[in-house]
Amino acid sequence: MKLHTSNIKPWAADFETLSTELFDVVENIKADRSEADVLYELLLKYGLDLAVPIEERQINARTVFIVGAGALVVCLVRPVTLELVEGVAALKKELQPEVMRVVFRDSGFEDDVVKTNAVQILRQAGIEDIKSL
């Protein structure tokens, strides 16, 4: 068995290609990859067992993956709204995991203001490990 290449586009710009590379990595997930592909890559990167329970839940009509009873929450949808983030934050109280990690698709945020507010909402809920890819 062999692992496939990463679902994330590598950064390989040089001086001559910098301007085109910048626009190409705005959407840094490869176009031919599914949410499941990205989810399982995240499981491997976090060192989680691939057989760990994964619950697919709708929060504000957006799909969120809850891995290991809340140890990891993955949201790869667009757009990421503050209402969605508040729904993710509520999972901390509902599921009460010891540690909760949250991963969003970076291009899902409309702008840096929404992203900054999202981080603050999650921190207020006691979630400190927040990443975007």
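Look above for the structure.
Presented here is an overview of the structure given in this document. All values derive from a computational prediction rather than experimental measurement.

So, the overall build of the chain
Scanning the chain for helices and strands turns up four helices and five strands. Start at the N end of the chain and walk to the C end: the helices and strands fall as α-α-β-β-β-α-β-α-β. Summed over its atoms, the accessible surface of the chain is roughly 8100 Å², and 55% of this surface lies on carbon and sulfur atoms.

Comments concerning the environment of C75
As for its placement among the helices and strands, C75 is situated in strand β3 (residues 72–75). C-alpha separation for the pair C75 and V88, spaced 13 residues apart in sequence, amounts to 9.0 Å. Leave out the neighbours within four places in its chain, and C75 touches T63, V64, L84, V103, F104 and R105.

Topic: a nonpolar patch on the surface
Together, Y40, L44, L50 and I54 make up an exposed nonpolar region whose accessible area comes to about 330 Å². Note on placement: I54 falls in strand β1 (residues 54–59). Residue classification places I54 among the partly exposed positions, given a relative accessible area of 31%.

Details of the pairing of β1
Pairing between β1 and strand β2 (residues 62–67): six bridges, direction antiparallel. Across the sheet, residue Q58 finds its bridge partner in β2, namely T63. The turn linking β1 back onto β2 is made up of two residues, and N60 within it adopts a positive phi angle of 50°.

Let's talk about the pairing of strand β4 (residues 101–104)
Sheet topology places β3 next to β4; four bridges connect them, and they run parallel. Bridge pairing in β4 links V73 to V102. Each parallel crossover has a hand, and for β3 linked through helix α3 (residues 82–95) to β4 it is right-handed. As for the winding sense of the linkage, the β-α-β connection from β4 through helix α4 (residues 112–124) to strand β5 (residues 129–132) is right-handed.

Some remarks on helix α2 (residues 35–45)
When α2 is considered as a whole, its buried residues turn out to be V38, L39, E41, L42 and L43. Of the surrounding elements, those touching the buried residues of α2 are β1, β2, β3 and β4. Looking at the residues trailing α2, positive phi occurs at G47, about 75°.

A look at the packing of aromatic side chains
Within the structure shown, the criterion is met by one aromatic pair. Their ring planes at 65° and their centres at 5.4 Å tell us that F104 and F109 sit as a pair that is edge-to-face. Of the two residues, F104 and F109, both sit in the buried class.

Remarks on the sheet that holds β3
Taking strand neighbours across the sheet as the criterion, the five strands line up as β1-β2-β3-β4-β5 in an open arrangement whose pairing is mixed. If you trace the sheet from one side to the other, it starts and ends with β1 and β5, each paired once. Strand-to-strand twist in this sheet, taken as the mean axis angle between neighbours without regard to direction, amounts to 20°. Of the strands in this sheet, β1, β2, β3 and β4 touch α2, which is tilted by about 25° from β2.

Conventions and cut-offs
- Residues numbered from 1 in each chain as written.
- Predicted model: local features only at pLDDT ≥ 70, side-chain atom pairs only at ≥ 80, totals over all residues.
- Heavy atoms only, no water.
- Helix = DSSP H or I, 4+ residues; strand = E, 2+ residues; numbered from the N terminus.
- Areas by Shrake-Rupley, 256 points an atom, 1.4 Å probe, with all protein chains shown as cover.
- Contact = heavy atoms within 4.5 Å.
- Patch = residues over 30% accessible without salt bridge, like charges linked within 9 Å, V, L, I, M, F, W, Y side chains within 5 Å.
- Salt bridge = Lys/Arg side-chain N within 4 Å of Asp/Glu carboxyl O.
- Buried < 20%, exposed > 50% of the residue type's maximum accessible area, 1.4 Å probe, protein only.
- Pairing = 2+ DSSP bridges.
- Right-handed = clockwise from strand over helix to strand, strands pointing away.
- Phe/Tyr/Trp six-rings, centres within 6.5 Å; stacked < 30°, edge-to-face > 60°.
- Axes fitted to C-alpha atoms, helices over the stretch in contact; angles between N-to-C directions.

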